[in-house]
Amino acid sequence: MSMNSEGRPTTPNAVTTDEHKYESFSGHVGLRLAEPLIFEIGSKDRTGVDVEEVEGFVSNLGALERTGGTGCPGLAEPDVVRHYTRLSRRNYGIDMGVFPLGSCTMKHNPRLNEKMARLPGFGDIHPLQPQSTVQGALGLMEELSHWLMELTGMPAVALSPKAGAHGELCGIMAIRKALEARGDAREVILCPESAHGTNPATAAFCGYKVKSIPGKANGRVDIEALKAALDDTVAAVMVTNPNTCGLFEDEVREIADAIHAAGALFYCDGANFNAIVGKARPGDLGVDAMHINLHKTFSTPHGGGGPGSGPVVFSDRLKDHVPLPYVVKTADGLSFKEHLDGDNDPSFGRLVAFHGQMGMYVRALSYMLSHGVDGCRQASEDAVLNANYIKACLDDLMTVSFEGPCMHEVLFDDEFLKGTGVTTLDFAKAMIDEGYHPMTMYFPLVVHGAMLVEPTESESKYNLDQFIRSMRGLATAAKAGETNRFIGAPYFAPWKRLDETQAARNPVLRWSPEAEAAE
Ligand SMILES: *Cc1c(COP(=O)(O)O)cnc(C)c1O
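In short, a report on the structure. Bear in mind the structure is a predicted one, so any value in this text is a computation, not a measurement. (Residues numbered from 1 in each chain as written. Predicted model: local features only at pLDDT ≥ 70, side-chain atom pairs only at ≥ 80, totals over all residues. Heavy atoms only, no water.)

Moving on: the site of the ligand. Near the ligand there are 13 residues, and of these Ser103, Gly164, Asp269, His295 and Lys296 occur at the shortest range. At 2.6 Å from an oxygen atom of the ligand is found a main-chain nitrogen or oxygen belonging to Ser103. Note that an oxygen atom of the ligand is positioned 2.8 Å from one of the backbone N or O atoms of Ala165. Those elements that provide at least two residues to the shell around the ligand are helix H6 (164–181) and helix H10 (294–297). At 3 residues, H6 tops the list of elements feeding residues into the shell around the ligand. Here the shell around the ligand is built from residues that sort into 3 nonpolar, 7 polar and 3 charged. (Near = heavy atom within 4 Å. Polar contact = N/O pair within 3.5 Å; in protein donor to acceptor, adjacent residues only side chain to side chain. Helix = DSSP H or I, 4+ residues; strand = E, 2+ residues; numbered from the N terminus. Nonpolar A, V, L, I, M, F, W, Y, C, P; charged D, E, K, R; others polar.)

Structure representation (structure tokens):
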């Protein structure tokens, strides 16, 4: 494939298989249309609007006046519409098909919630508006806080963190503040081996030393190893539950008791709350702080459509240390508490510039109210049922890493590919040719060549069966020695195998005429 000077393939649409190679004259193949960069189709001396020069115009800008062009590409409206429509058709999303990315909960976002978030009273307000004019929005934040505390069985919540990782930061800062308040600064945070990378990163970012706790053969935290590591230097333990192997930590109460007996605090990574809403309350499990990814559990777009939102719930041990700002009731209605009450205020301070992601709050509350608690519980049950259905339909051909039923996601490893010459990466790329976004690969790190599949509750049996047929077909082909099907995959994607390390380490985020001219 030919590349341009910036390393982008220039013949994206050639379809190549073992038997067949088709390169069209136009660059388009069938109805799959090639699309160059907007700079390559636009021209700098063209303008999309045709406004006449104003006669006798005198600029007030003086020396600040622009002397050259803006460098923006000029295109007519239909060209712009086509450009972005073509690009959007290159994108795979949950509205296109099954998106089995484990640990991410890529689920359907009901359109109702989108509509609610666009109501002018929520969508068009400004964070600096007088609080008396946004009482409804503050009321919504209060109601959402109520339901988050109700569903988790926890007495306090900070709504403002803007993603799961930011919620972790919020929780660990509250823990640090609580320990400092009792004159017991500690320096270590324990994380299980299977932890999401954000857990140790958060601990290190807050200045703690991170120690890793091994897992057991059944995919859960090794509680004996945890107990052995707990001493008076340990500030907190971060445990994900359900964990990243898709399993419920069935000794979670004992884990919590051991943590508290050592004078430490229990941070729970609640990114997988989607599996247990309405079934189990983290407050009953002994958790002290837990973030909830609204964008994984309570609809709201995820990824490119973002932004995320990661409210944190707190136990009695931490409830005085929640960050500002938060909504309080006063004689004049609702208002934000935005300032500390002097140096002795137990709150650890302000976490965000404004108040968090209002649009996400609206979507989450709309999701909760339209489902009701029975609907939320059923969503969790169906997510777990769907994952177990996939597991049961594939476990004769693929290797399930841990025995017994799983929660909302099922973990496979690459044992079944041994001796085939096909790797987890090849298998994932072949899924693209089958029309699926690959599952999560090589995470968690506790099994070899991990494949973490999460169907979510919103996939029908029809969709699951089609997905299972593809996975069975691929596993059978790999075992039958059809290696070519995998090693060059994806054969039918607009871009083939990219150098993902280069793309991550040296991303080319800017088009420059010089680089283009040098080509
Ligand atoms: C998604 C996820 C996170 C991080 O959440 P973001 O909103 O992406 O910052 C943390 N832990 C686990 C287990 C997750 O799945």
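Let's shift gears to the packing of helix H11 (residues 358–394) against helix H13 (residues 461–479). In the contact formed by H11 and H13, the axes pass within 10 Å of each other and the chain directions differ by 35 degrees. Every pair of crossing elements has a handedness; the one defined by H11 and H13 is right-handed. Listed contacts from H13 to Asn386, Tyr389, Ile390, Cys393 and Leu394 of H11 are Lys461, Leu464, Asp465, Phe467, Ile468, Met471 and Arg472. Its residues placed into classes, the contact of H11 with H13 shows 8 nonpolar, 1 polar and 3 charged. (Axes fitted to C-alpha atoms, helices over the stretch in contact; angles between N-to-C directions. Left-handed = near helix turned anticlockwise from the far one by under 90°. Contact = heavy atoms within 4.5 Å.)

It is worth spelling out the nonpolar core at this point. Most often, soluble globular proteins have nonpolar side chains that are buried together. Counting residues in hydrophobic clusters, the biggest one holds 59 residues, and the most contacted among them are Leu148, Leu190 and Phe298. Of all the secondary-structure elements, those providing two or more residues to this core are helix H5 (135–152), strand E4 (188–192), helix H8 (223–229), strand E6 (234–240), helix H9 (252–261), strand E7 (265–269), strand E11 (333–337) and H11. Per-element tally for this core: the top contributor is H11, with 11 residues. Viewed by domain, this core spans two of them, domain 1 (112–367) and domain 2 (373–496), each represented by three or more residues. With sequence-adjacent residues up to four places away left out, Leu190 is seen in contact with Lys211, Ile213, Leu226, Ala229, Leu230, Val234, Ala236, Val237 and Met238. (Core = buried A, V, L, I, M, F, W, Y, C linked by side-chain atoms within 4.5 Å. Buried < 20%, exposed > 50% of the residue type's maximum accessible area, 1.4 Å probe, protein only. Domains from an automatic or database assignment.)

With that out of the way, let us pick up the packing of aromatic side chains. Under the definition given, this model contains 6 aromatic pairs. Taking 6.4 Å as the distance between ring centres and 70 degrees as the angle between the ring planes, the aromatic pair formed by Phe273 and Phe298 counts as edge-to-face. One end of the pair, Phe273, is in the loop between E7 and strand E8 (289–291); the other, Phe298, is in the loop between H10 and strand E9 (312–314), and 25 residues separate them in sequence. Accessibility assignment for this pair places Phe273 and Phe298 in one class, buried. A connected cluster of aromatic rings, assembled from ring pairs, spans Phe273, Phe298 and Tyr367. (Phe/Tyr/Trp six-rings, centres within 6.5 Å; stacked < 30°, edge-to-face > 60°.)

Purely geometric numbers; function is a separate question.
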